[in-house]
Amino acid sequence: MSEIAYVNGNYAPIAEARVSILDRGFLFADGVYEVAAVIGGRLIDNGAHLARLERSLRELRIDSPLPMARIADVEAEIVARNGMDEGLVYLQITRGAAADRDFGFPADVAPSLVAFAQKKNITGSPAAETGVKVLTVPDLRWARRDIKSTALLAQVLAKQAAVEGGCQEAWMVDQDGFVTEGSSSTAFILTETNVLITRPNSTAILPGCTRNAVQLIAKRQGLDVEERRFSVAEACAAKEAFLTSASNLVLPVVSIDGRRIGDGAPGDTSRLLRRLYIEWATNAAGAG
Ligand code: PDD
């Protein structure tokens, strides 16, 4: 964690940054968040992240404490004050702290905005070379997974199950046996006939910003991209698999539930898409 956080208009050292115990984010997970990557001191694809933030707020009828352009300024200030070259900026908006713990929306309460930075080597991650192992788990989440809510208990349990199973990510699976997405990433597979498959956006998954950019990059490379559901069995039989997220960009998946994907090493297409995504992110198109 880096030093300086933002809380409701003030910048302060993390150890001194505080929100009320009555904050509805703390009591009800009544809030939304965003995570954007920083590479070379610049926020990556941040327009898409802020558009998703605005949508999440609208869906939950939480007012934004600042216009999106001002939120982008806060994020840039967090990057600057922490002297961050590479890592993540975390941003959270909750419905605020009311005088009492009532479930319904409080009247006349200002929403809270918190932001902080996390330094992380994302472009040079060793996991990009080794690939990651995935464990599948039932998707225990609510029915509005398209909203980037701070209610992440199902994802916490999924990730912990993965870690305890010697894996780095969990892929959550719906009642029909189809993969929804990773605990904090989007799931992709490549078929033997070189078709890239990812689940269509719906209320069943978060519309990933990296997912969107990677699809465009793949299409530009002449790859066929198909949005449809895929089962765990299909994923295990895939030629390649990978995950995408702001925090990991594109990471090859080398095993699912202990079954090797392809020859058990990061696939060529996964590696290519990671390289092209980093190129896109670090040129003018992806930054900002
Ligand atoms: N998570 N699906 C889920 C459930 C996620 O939590 C995330 C991102 C994604 C990928 O979205 P994007 O490409 O826009 O980052 C998909 C962030 C990184 C997190 O919670 O830390």
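First, a word on scope: everything that follows refers to the structure included in this document. Computed from a prediction, not measured in an experiment: that's the story for all the values here.

## Things to note about the packing of helix α2 (residues 46–60) against helix α3 (residues 68–81)
When two helices pack together, their arrangement is given by the angle between the helix axes and the distance between those axes.
So, point 1. Where α2 contacts α3, the axes come no closer than 11 Å and their chain directions differ by 125 degrees. As judged from the angle between their axes, α2 and α3 are oblique. As for how α2 packs across α3, the hand of that crossing is right-handed. Here α2 contributes Asn46, Leu50, Leu53, Glu54 and Leu57 to the contact with α3, which in turn contributes Met68, Ile71, Ala72 and Glu75.
So, point 2. Here the residues of the contact of α2 with α3 sort into six nonpolar, one polar and two charged.

## Quick notes on the pattern of salt bridges
When the charged atoms of two side chains lie near each other, side chains of opposite charge can form a pair.
So, point 1. Throughout the structure, instances matching the rule amount to 19 salt bridges.
So, point 2. The salt bridge partner of Asp30 is Arg95, with a shortest N-O separation of 2.7 Å. Separated by 65 residues along the polypeptide, Asp30 in the loop between α1 (24–28) and β3 (31–39) and Arg95 in the loop between β5 (87–94) and β6 (112–119) bring together distant segments of the chain.
So, point 3. Overall, the relative accessible area of 10% leaves Asp30 in the buried class.
So, point 4. In this structure, Arg275 and Glu279 form a salt bridge, with 3.1 Å as the shortest nitrogen-oxygen distance. Of this pair, Arg275 and Glu279 are both found in helix α8 (residues 268–282), four residues apart, which corresponds to roughly one turn of the helix.
So, point 5. A residue is classified by how much of its surface remains accessible, and Arg275, at 47% relative accessible area, is partly exposed.
So, point 6. Accessibility expressed as a relative area gives 43% for Glu279, which makes it partly exposed.
So, point 7. When salt bridges that share partners are traced, they join Arg55, Glu59, Arg144 and Asp146 into one network.

## Side note on a nonpolar patch on the surface
So, point 1. The grouping of Leu140, Leu153, Val156 and Leu157 at the surface amounts to a nonpolar patch, some 420 Å² of accessible area in total.
So, point 2. Here Leu140 is to be found in the loop between β7 (132–138) and α5 (153–164).
So, point 3. Note on Leu140: relative accessible area 61%, which makes it exposed.

## Side note on the pairing of β6
So, point 1. In terms of burial, β6 is a largely internal element, six of the eight residues being buried.
So, point 2. Here two bridges tie strand β1 (residues 4–7) to β6, and the two strands are oriented antiparallel to one another. Its bridge partner being in β6, Val7 is matched across the sheet by Val114.
So, point 3. In terms of strand pairing, β5 meets β6 through eight bridges, oriented antiparallel. From the neighbouring strand, Tyr90 faces β6, where its bridge partner is Phe116.

Basis of the calculations
Residues numbered from 1 in each chain as written. Predicted model: local features only at pLDDT ≥ 70, side-chain atom pairs only at ≥ 80, totals over all residues. Heavy atoms only, no water. Axes fitted to C-alpha atoms, helices over the stretch in contact; angles between N-to-C directions. Helix = DSSP H or I, 4+ residues; strand = E, 2+ residues; numbered from the N terminus. Parallel < 35°, antiparallel > 145°, perpendicular 65-115°, else oblique. Left-handed = near helix turned anticlockwise from the far one by under 90°. Contact = heavy atoms within 4.5 Å. Nonpolar A, V, L, I, M, F, W, Y, C, P; charged D, E, K, R; others polar. Salt bridge = Lys/Arg side-chain N within 4 Å of Asp/Glu carboxyl O. Buried < 20%, exposed > 50% of the residue type's maximum accessible area, 1.4 Å probe, protein only. Patch = residues over 30% accessible without salt bridge, like charges linked within 9 Å, V, L, I, M, F, W, Y side chains within 5 Å. Areas by Shrake-Rupley, 256 points an atom, 1.4 Å probe, with all protein chains shown as cover. Pairing = 2+ DSSP bridges.

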